[in-house]
Amino acid sequence: MAQRDGFTSTFGVLVATLGSAVGLGNIWKFPYLTGTNGGAGFLLTYLLATLLVGLPVMIAEIMLGRTARANAVSTFEILSPKQPFWKAIGYMGLVAAVLILAFYTEVAGWVFAYVVKSIAGTLGHTDPASAKATFGALVSSPVQALFWQWLVLVVTGGIIMLGVSKGIEAVAKKLMPLLFLLLIALCIRSLTLPGAAEGLRFLFAPDFSKIGTGVLLTALGLAFFKLSIGMGTMLTYGSYFRPEQNIPATATRVMIADLSVSLLAGMAIFPAVFAFGFEPAAGPSLVFMTIPAVFDSMPGGQVFMVLFFVLTAIASLGAMLSILEVPVAMMTERWSCSRRKATLITLAVIALLGAPASLSQSLTQDWKLFGLNAFDLFDYLSSNVLLPLGGILISLFVGWSYGMGKLQAGLSNNGQLDNGPLVKALFILLRYVSPLLIAIVMLKALGLF
Ligand code: PFF
């Protein structure tokens, strides 16, 4: 077999993994879900889900991938040859990857469009009505929606074809630190706006009456979506990890950095929402309306606005690359397809499936299943069904089939790391806590008890 590509340095592994986690989830999804689900109570639930379920599943996935050094389907064949059904986890991940990309590329398309609009200087408004009109004009135009989505697909595909180290790793290394700095600058501006305190209260003072079962599932789904787990992405990235990489430490760092980016985005957005009279529960359009307003109210705002949307576009690329890598790794390794061919086939499927999602505010707005349009349906099915289900199965696999001894060995880097008590706690979380918690939240949301 040809030498497998992989990440080339410890820092490279960290930023590429972080590049997968950080994306539109932090800057677009986290703020709008926090806004529509009542603020701080949701934030707290999401934090708990991340710690109790997200981090353990993330560590498990990376460990499995690194041990087998294979894609998400083959990993289970290699690690569990006598129980072939576990590889269903990999195939579910494939479906989730395609569904997520079908709507994610649309939102990334909006970001790309906002890059151009910010350069052209057509976003300079702080009043909610015109901000809404600008966003509405973009998403309700079929030509524009499709154009931007396809552009995103072409750019993502191009980078993936360059490979793991020269494509994914190289892009992530250069740009993640810059995004962080810019978000800090934005926060400072937003927090010094008159009336900012109300936004902070919304984000940090919990109101527990708002936490219903729907909210719990949404928070859990967000935890999975944020850490890119439950669908084989971290497993695939784990297969590119270096043997000496400390997996629990890397996963914990990624989780903390990822949470910080979300909180920074929240602190940039919510003070501005209240200062300028926007609606916190505006939904998916929230970021696209409030962020231009914050920039418009600061000196040199236009330059920073361009930079912000460029960096958000890049953050979304890091995440999309990691999702696309799941089917591409599977196809190249299992069907000996070339990387180029695998990428093109996957992109074609996503373009077909993604079209009804990107037209869901125009031509296909009446296409509904379970009362959801294509965009919302793909989002719901992936985040609230497939990823949590994948999380249950991965936890069950490690907790009941793979076992404590192999988990310990997989994380010990050939006996160099002795993280005994930590692994024990992790094992208990995987064996009992996370499958039970996820199952209860999912069943409750279905109204089964
Ligand atoms: N974590 C990414 C984000 O928050 O934008 C989205 C994502 C990437 C989800 C990779 C799932 C995945 F496998």
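Everything below is about the structure printed above this text.
A brief look at the structure comes next.

Reading the values: rules and limits
- Residues numbered from 1 in each chain as written.
- Predicted model: local features only at pLDDT ≥ 70, side-chain atom pairs only at ≥ 80, totals over all residues.
- Core = buried A, V, L, I, M, F, W, Y, C linked by C-beta atoms within 7 Å.
- Buried ≥ 20, exposed ≤ 12 C-beta atoms within 10 Å, placed from the backbone.
- Helix = DSSP H or I, 4+ residues; strand = E, 2+ residues; numbered from the N terminus.
- Contact = placed C-beta atoms within 7 Å.
- Axes fitted to C-alpha atoms, helices over the stretch in contact; angles between N-to-C directions.
- Parallel < 35°, antiparallel > 145°, perpendicular 65-115°, else oblique.
- Left-handed = near helix turned anticlockwise from the far one by under 90°.
- Nonpolar A, V, L, I, M, F, W, Y, C, P; charged D, E, K, R; others polar.
- Arc of directions from axis to C-beta.

Overview of the nonpolar core
1) Next: Residues Leu101 and Leu220 are the most contacted members of the largest nonpolar core, which totals 159 residues.
2) Next: Considering each element in turn, this core owes the most residues, 20 residues, to helix 14 (residues 301-334).
3) Next: Not counting the four nearest positions on each side in its chain, Leu101 is found in contact with Met320, Ile323, Leu324 and Ile350.

Quick look at the environment of Ser228
1) Next: Note on placement: Ser228 falls in the loop between helix 10 (213-226) and helix 11 (233-238).
2) Next: When sequence neighbours within four positions are dropped, the list of residues in contact with Ser228 reads Ser20, Ala21, Thr233, Met234 and Ser322.

So, the packing of helix 3 (residues 40-68) against helix 12 (residues 247-276)
1) Next: It is at 9 Å that the axes of helix 3 and helix 12 come closest, and there the two elements cross at 135 degrees. On the basis of the axis angle, helix 3 is oblique to helix 12. Considering the relative orientation of helix 3 and helix 12, their crossing is right-handed. Facing Thr50, Gly54, Leu55, Met58, Ile59, Ile62, Met63 and Arg66 of helix 3, the residues of helix 12 in contact are Ile247, Pro248, Ala251, Thr252, Met255 and Leu259.
2) Next: Its residues placed into classes, the contact of helix 3 with helix 12 shows 10 nonpolar, three polar and one charged.

Looking at the packing of helix 7 (residues 142-162) against helix 14
1) Next: Two elements in contact, helix 7 and helix 14, have axes separated by 10 Å at closest approach and are oriented at 65 degrees. Between helix 7 and helix 14 lies a crossing whose hand is right-handed. In this structure, helix 7 contributes Val155, Thr156, Ile159 and Ile160 to the contact, and helix 14 contributes Leu317, Met320, Leu321, Leu324, Glu325 and Val328.
2) Next: Among the residues forming the contact of helix 7 with helix 14, the class breakdown is eight nonpolar, one polar and one charged.

Overview of helix 17 (residues 404-411)
1) Next: Among the residues making up helix 17, those that are buried are Leu407, Gly410 and Leu411. The buried residues of helix 17 occupy one face: seen down the axis, they fall within an arc of 90 degrees.
2) Next: Buried residues along helix 17 sit in contact with helix 3, helix 12, helix 16 (374-402) and helix 18 (420-445).
3) Next: Phi for Asn413, located one or two positions after helix 17, is positive at around 50 degrees.

All we've got here are geometric facts, nothing functional implied.
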